[in-house]
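Notes for the structure review
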Protein chains: 2
Amino acid sequence: MTRGKSTYEHLRDRLISGEFYPGQRMKYEDLRADYGISISSVRETLFRLSAVGLVDFLEQRGFRVPHETEALRHDLAQSRILLETEGACLSIRYGGVGWEARLNAAHHELKHIESRVSSASGNSQDLVPLWSAAELKFHRTLIEECRSEVLKQLHLQVYYRFRQQLISHDKNFGFITTNVEQHQGILEAALLHDEALTRERIHQHLSRHLIQLPPQTDSNE
Amino acid sequence: MTRGKSTYEHLRDRLISGEFYPGQRMKYEDLRADYGISISSVRETLFRLSAVGLVDFLEQRGFRVPHETEALRHDLAQSRILLETEGACLSIRYGGVGWEARLNAAHHELKHIESRVSSASGNSQDLVPLWSAAELKFHRTLIEECRSEVLKQLHLQVYYRFRQQLISHDKNFGFITTNVEQHQGILEAALLHDEALTRERIHQHLSRHLIQLPPQTDSNE
DNA sequence: TTTGATAAAAATTTCGAAATTATCTATATT
DNA sequence: AATATAGATAATTTCGAAATTTTTATCAAA
């Protein structure tokens, strides 16, 4: 693996685990020191990350961690609902028993980690990366058989940005334990091949982050 | 504007206008000569373009123009239908008369250029950039009032990739003149505030590129 | 003729610094 | 005290080349 790729992946994981605060400047010099690479390579990595929205690029003013806003969280939740409900329904349609088995396995793993987090009161900090990987795995498996690489790519982007927003919003990871029944519900609906119910359950899972947008008027009227 | 940004935009427009053939290598040295910039800057620009899927990046093997395949065209069409129908319906819900006016204007412009292309038999080559910009403008205006920046970003990405695939597939730009009634139909449905009809018309507009996927079996069963 | 090893060429990755631009600080002015 | 200006500092942008890897070309052996 090239230095560029491993740097990209490592920094991506730091960004979605809330290591940096919203609005923080990503200084070239700091990252150069962190990874022992040159300024050009740092810049290159940041451009890759800005492409998926994990950092913002401002001309002549470098890169920053996106601000945490209610509106963006709503927007990302809404977009994830659109992509994930569609992907899940297509998976239900096209996926076979192999898919069902993998989804079951992914859920089992996730459930196990979620219960460990629940019992480990307080010091569940170091379980977060494990949970993070398991949750991503479950939701990716859910749409795995949709037969659309583009849809899966878009979903991954939105998932990462949403995760980053959530962690910026709640540094205590309170959102981990509140999803246990919801994941269960999604699994059940999918295994029943009930597309409408699956849509509903995914919607429920994310609806907590939706807000009532102010009735903004069209400025050109 | 920085050199980096203008290079990005220029190269992007070359990529979606079919100047390069599918699978072509994007050699650093060639682009360095084209734009009078350094290798590092070329690489940076290509990373930005790969982020939106306009070039493919292969580790240790540089960047290439994506191959033209029926499956990808289908995938992109399907994804565009999902994003554009959703965005259009939300625009219908939230957009006011100002939006309707802008949509009308964008369509009028597009119609005008399409008629010029139709009459100019043969040498309509130089009208393509104009048409390209007008078509993008129309479809972007259609979803403009959806109140989701994320949805608009995703749509733009998919739109660019779809355009690139179409031009790779049909170098003679035959697809330009076949869409006149369809654009008209979308406009009418949107102005009627008929969400279901708008969805249907957008679907029709892109359905030509959908294929019957082979009934692929789940490999793990 | 085909296969495989080796050398030469070309391309990619990474670097470190120069040039440019933004940001900060101290000072002067209203 | 608040605002504006100028110089100093820090950060970003861009460059050109060295180091590494892949690709191509050459030639010997099966």
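In this text, all values refer to a predicted model and were calculated from it rather than measured experimentally.

**Let's talk about the protein's contact with DNA strand C**
- Taken together, 21 residues form the shell around DNA strand C, and within it Ser40 and Arg61 of chain A together with Tyr28, Arg43 and Gln60 of chain B come nearest.
- Within 4 Å of the protein, the contacting atoms of DNA strand C are 78% sugar and phosphate, with bases supplying the remainder.
- Interatomic distance of 2.9 Å between a side-chain N/O atom of arginine 25 of chain B and a sugar or linking oxygen of DNA strand C.
- Lysine 27 of chain B is positioned with one of its side-chain polar atoms (N or O) 3.1 Å from a phosphate oxygen of DNA strand C.
- Sorting the residues of the surface near DNA strand C by element identifies helix H1 (3-16) and helix H3 (39-51) of chain A together with helix H3 (39-51) of chain B as the ones contributing at least two each.

**Some words on the domain arrangement of chain A**
Residues and elements named next belong to chain A.
- Here chain A is partitioned into domain 1 (3-64) and domain 2 (70-207).
- Taking the mean C-alpha position of each, domain 1 and domain 2 sit 26 Å from one another.
- At the interface, 11 residues of domain 1 touch 8 residues of domain 2.
- Here domain 1 meets domain 2 over a buried area of about 910 Å², counting both sides, of which 56% is carbon and sulfur.
- Interface area lost by domain 1 to domain 2 is led by Ile16, Val52 and Leu54, which between them contribute 49%.
- Here domain 1 is connected to domain 2 by 0 salt bridges.
- In this assembly, domain 1 and domain 2 are joined by 2 residue pairs in polar contact (both at pLDDT 80 or more).
- At 3 residues, H1 tops the list of elements feeding residues into the side of domain 1 that touches domain 2.
- Tallied by class, the residues present in the side of domain 1 that touches domain 2 amount to 7 nonpolar, 3 polar and 1 charged.

**As for the packing of aromatic side chains**
Residues and elements named next belong to chain A.
- By the definition in use, this model includes 12 aromatic pairs over all chains.
- Ring geometry for phenylalanine 47 against phenylalanine 57: centres 4.8 Å apart, planes inclined by 55°, an arrangement best described as tilted. Of the two residues, phenylalanine 47 is situated in helix H3 and phenylalanine 57 in strand E2 (residues 56-58); the sequence distance between them amounts to 10 residues.
- Phenylalanine 57 gets classed as partly exposed once you look at its relative accessible area, which sits at 27%.
- Taken together, Tyr28, Phe47, Phe57 and Phe63 form an aromatic cluster joined through their ring pairs.

**Re the protein's contact with DNA strand D**
- Near DNA strand D lie 21 residues; those nearest to it are Tyr28, Arg43 and Gln60 of chain A together with Ser40 and Arg61 of chain B.
- When atoms of DNA strand D within 4 Å of the protein are sorted by moiety, sugar and phosphate together comprise 78%.
- Arginine 43 of chain A is positioned such that a nitrogen or oxygen atom in its side chain is 2.3 Å from a phosphate oxygen of DNA strand D.
- The contact in question runs from a phosphate oxygen of DNA strand D to an N or O atom on the backbone of serine 38 of chain B, over 2.9 Å.
- When contributions to the surface near DNA strand D are tallied by element, the ones reaching two or more residues are H3 of chain A together with helix H1 (3-16) and H3 of chain B.
- In terms of residues, the surface near DNA strand D owes the most to one element, H3 of chain A, which gives 3 residues.

**Observations regarding H3 of chain A**
Residues and elements named next belong to chain A.
- Look at H3: 19 Å from first C-alpha to last across 13 residues, which is about the 18 Å you get at 1.5 Å a residue.
- Along H3, the positions that sit buried rather than exposed are Val42, Glu44, Thr45, Leu46, Phe47, Arg48, Leu49 and Ala51.
- Taken from the residues just after H3, glycine 53 is the one with a positive phi, measuring 85°.

**Details of the interface of chain B and chain A**
- Contact with chain B, which involves 42 residues of that partner, is made by 42 residues of chain A.
- Note on chain B versus chain A: buried area summed over both sides is about 3,300 Å², and carbon and sulfur give 53% of it.
- Taken as a group, Leu82, Arg147 and Val150 of chain B account for 18% of the area that chain B buries against chain A, more than any other trio of residues on that side.
- Applying the counting rule to chain B against chain A returns 2 salt bridges.
- A salt bridge links glutamate 44 of chain A to arginine 43 of chain B; the shortest N-O distance between them is 2.6 Å.
- Counting every contact that joins chain B to chain A gives 10 residue pairs in polar contact (both at pLDDT 80 or more).
- Where the side of chain B that touches chain A is concerned, the elements lending two or more residues are H3, helix H4 (70-94), helix H5 (97-119) and helix H7 (149-169) of chain B.
- Per element, the largest residue contribution to the side of chain B that touches chain A is 8 residues, and it comes from H7 of chain B.
- Of the residues assigned to the side of chain B that touches chain A, the class counts are 17 nonpolar, 11 polar and 14 charged.

Rules and cut-offs
Residues numbered from 1 in each chain as written. Chains lettered and ligands numbered in written order. Predicted model: local features only at pLDDT ≥ 70, side-chain atom pairs only at ≥ 80, totals over all residues. Heavy atoms only, no water. Near = heavy atom within 4 Å. Polar contact = N/O pair within 3.5 Å; in protein donor to acceptor, adjacent residues only side chain to side chain. Helix = DSSP H or I, 4+ residues; strand = E, 2+ residues; numbered from the N terminus. Domains from an automatic or database assignment. Contact = heavy atoms within 4.5 Å. Buried area = accessible area lost by both parts, 1.4 Å probe. Salt bridge = Lys/Arg side-chain N within 4 Å of Asp/Glu carboxyl O. Nonpolar A, V, L, I, M, F, W, Y, C, P; charged D, E, K, R; others polar. Phe/Tyr/Trp six-rings, centres within 6.5 Å; stacked < 30°, edge-to-face > 60°. Buried < 20%, exposed > 50% of the residue type's maximum accessible area, 1.4 Å probe, protein only. Expected span 1.5 Å × (residues − 1).

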